[in-house]
Amino acid sequence: MSVHNTPQTVTIKTLAKLKAEGEKFSCLTAYDYCSAYAVSKAGVEVILVGDSLGMVIQGHDSSLPVTIDDIAYHIRCVRRGNVGSMIMADMPFMSFYSEDVTLKNAAALMSEGAHIVKLEGGAWLSETTRLLSERGIPVCAHMGLTPQSVNHLGGYSVQGRDPDAAQTMVDEALVLQEAGASMLLLECIPEELGERITKALHIPVIGIGAGAKTDSQIMVWHDFIGMWPGRPAKFVKNFLADTDGDIQAAIALYHSQVKAGTFPGPEHSYE
Ligand code: KIV
């Protein structure tokens, strides 16, 4: 089976149009050829090669050790399996600390087959976001729980519960949108804040543990198939368990539930 060199069919424009029309889209992580093919074939709009691979593929206890070469390698694998989804590449820890380093690393991932890069951080990334987007590299900002800052945050906990922190998150999301971000990913925040930010922005907002009101949802592949050996987070649902182990059916179920707004349910969301 060869699906090499298949043209990308989902673009930033596709996702912007979906948001404008009030339609949801789905995203999943993938790190290899076969899962990327299965995910893309099911119509999932965005595949993320996330730095979560540091934990689920490499077995580290955080995403911090992941390098740009690691992401580039998995982009190459995913690209060969992709049949029309947008491929999003994570910029790993400390891969965007200066203008030169950022441009070099983002360009490397785009050359390997990424269509957009994702950067963790708030308004302090506005100049970086502007720099990349003005040079033709679309940016997805990532706010809320940003795992690359786990040592600063003191753990993986829900963010934005305090009213001042929530307001700051809304303001910083608007700053990043103004700086040229094409999308925003929100991780682990109260559902109400996820809805507030989604309504405040015209760019598509993807959520993970951010409630049902964002424009899209994302899950980590190993959570999705129930393979992560640790305790699952509240926002995790094992879709494979619902389809008797049929992976293609599990992806189709996830895609349809995200589109219909029935996943995540209140049991997967934070107050
Ligand atoms: O690295 C990753 O997989 C992510 C998701 C948790 C959204 O950033």
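All chains use their own residue numbering, which begins from 1 and follows the written sequence. Thresholds applied to this predicted model are a pLDDT of at least 70 for local features of residues and 80 or more for the giving and counting of side-chain atom pairs; totals over whole chains, interfaces and linings are not thresholded and use all residues. Note that water and hydrogens are dropped before the side-chain values are worked out from all heavy atoms of the structure.

(A) Highlighting the packing of helix α2 (residues 33–41) against helix α4 (residues 68–81). All axes here are fitted lines through C-alpha atoms, helices being fitted over the stretch that makes contact, and every angle between N-to-C directions spans 0 to 180 degrees. Strands are runs of DSSP state E lasting at least two residues, helices are runs of H or I lasting at least four, and both sets are numbered from the N terminus onward. One can describe the packing of α2 onto α4 by two numbers: an axis separation of 7 Å at closest approach and a directional angle of 45 degrees. When the interaxial angle is binned, α2 and α4 end up oblique. In this structure, α2 meets α4 at a crossing whose hand is right-handed. Across the interface between the two elements, Y33, A36 and Y37 of α2 pack against C77, V78, R80 and G81 of α4. Under the convention adopted here, Pro, Cys and the residues Ala, Val, Leu, Ile, Met, Phe, Trp and Tyr are nonpolar, Asp, Glu, Lys and Arg are charged, and Gly plus all remaining residues are polar. Looking at the contact of α2 with α4, its residues break down into five nonpolar, one polar and one charged. With respect to orientation, any angle under 35 degrees is reported as roughly parallel, any angle over 145 as roughly antiparallel, any angle of 65 to 115 as roughly perpendicular, and every other angle as oblique. Crossings are sorted by hand: turned counterclockwise from the far helix by less than a right angle, the near helix makes the crossing left-handed, and turned clockwise it makes it right-handed. In what follows, residue pairs with any heavy atoms lying within 4.5 Å of each other are defined as contacts.

(B) Local environment of a nonpolar patch on the surface. Together, F93, M94 and Y97 make up an exposed nonpolar region whose accessible area comes to about 340 Å². Among the secondary structure elements, F93 is positioned in the loop between β3 (86–90) and α5 (99–112). Think of it in three bands: with a 1.4 Å probe and only protein chains considered, a residue is buried below 20% of the maximum accessible area for its type, exposed above 50%, and partly exposed in between. Looking at F93, the relative accessible area reads 32%, which means it is partly exposed. Only residues whose relative accessible area exceeds 30% and that form no salt bridge enter a patch; like-charged residues are grouped when within 9 Å of one another, and nonpolar side chains (Val, Leu, Ile, Met, Phe, Trp, Tyr) when within 5 Å. Surface exposure here means Shrake-Rupley accessible area, sampled with a 1.4 Å probe, where a residue is shielded only by the protein chains that are shown. Basic side-chain nitrogens of Lys or Arg form a salt bridge, by our definition, when they fall within 4 Å of a carboxyl oxygen of Asp or Glu.

(C) The arrangement of the UniProt feature "active site" (unreviewed entry) in the protein in detail. What UniProt calls "active site" (unreviewed entry) maps, in this numbering, to E187. Here E187 shows up in strand β6 (residues 183–187). Each residue touching E187, except ones within four places of it in the same chain, is listed here: H142, M143, G144, L145, P147 and I208. Of the polar contacts made by the side chain of E187, one reaches the side chain of H142; its length is 2.9 Å. UniProt positions are given in the numbering used here, feature names are shortened, and annotations may be inferred rather than shown by experiment. Each polar contact in these results corresponds to two N or O atoms within 3.5 Å; when the atoms are within protein, one needs to be able to donate a hydrogen and the other to accept it, and residues that are neighboring in sequence are counted only if both atoms are side-chain atoms.

(D) Representation of the site of the ligand in the model. Definition of nearness: a residue and a molecule or strand are near each other if at least one heavy atom of the residue lies within 4 Å of the molecule or strand. Contacts to the ligand come from 13 residues, most closely from G50, D51, S52, D90 and K118. Note that an oxygen atom of the ligand is positioned 3.0 Å from one of the side-chain N or O atoms of D51. For the ligand, an oxygen atom lies 2.8 Å from a polar atom in the side chain of K118. Contact with the protein chains removes 95% of the 260 Å² of surface that the ligand exposes when unbound. Of the residues belonging to the shell around the ligand, the class tally is five nonpolar, four polar and four charged.

(E) Summary view of the pairing of strand β2 (residues 46–49). Every second residue of β2 is oriented toward a common face, with V46 and L48 on one face and I47 and V49 on the other, all of them buried. For two strands to pair, DSSP has to find at least two bridges joining them. As judged from the three bridges shared by strand β1 (residues 25–29) and β2, these two strands associate in the parallel manner. Following the sheet pairing, T29 is matched in β2 by L48. Orienting the strands away from the viewer, one traces the path from the first strand over the helix to the second; a clockwise path indicates a right-handed crossover. You can see the chain leave β1, run along α2 and come back into β2, and the turn it takes is right-handed. Direction of pairing for β2 relative to β3: parallel, over a ladder of four bridges. Across the sheet, the residue bridging to L48 is M88, located in β3.

(F) Focus on the packing of helix α8 (residues 163–178) against helix α9 (residues 191–200). Running from amino to carboxyl end, α8 crosses α9 at an angle of 25 degrees, the nearest separation of the two axes being 10 Å. Relative to α9, the element α8 is oriented roughly parallel. You can see that α8 and α9 cross each other, and the crossing is right-handed. Where α8 approaches α9, its residues A166, Q167, M169, V170, A173 and L174 are matched on the opposing element by L193, R196, I197 and A200. Among the residues forming the contact of α8 with α9, the class breakdown is eight nonpolar, one polar and one charged.

(G) Just the packing of aromatic side chains, in detail. Each aromatic pair joins two rings of Phe, Tyr and Trp (for Trp, the six-membered one) with centres within 6.5 Å, and gets the label stacked for planes under 30 degrees apart, edge-to-face for over 60, and tilted for any other angle. Evaluation of the coordinates by the stated rule reveals seven aromatic pairs. Between F224 and Y254, the ring centres sit 5.6 Å apart and the planes meet at 70 degrees, which makes this aromatic pair edge-to-face. Taken together, the residues span a long stretch of sequence, with F224 in helix α10 (residues 221–224) and Y254 in helix α11 (residues 247–260) at a distance of 30 residues. Using a relative accessible area of 0% as the deciding quantity, one classes F224 as buried.

(H) Quick peek at the sheet that holds strand β8 (residues 216–219). Around the barrel, which closes on itself, the eight strands sit in the order β1-β2-β3-β4-β5-β6-β7-β8 with parallel pairing between neighbours. Ignoring strand direction, the axes of neighbouring strands in this sheet form an average angle of 25 degrees.

(I) Examining the side chain of T102 more closely. Mapped onto the fold, T102 is located in helix α5. By relative accessible area, T102 is classed as buried at 1%. Setting aside residues up to four positions removed in sequence, T102 forms contacts with M91, S95, F96, Y97, T128 and L132.

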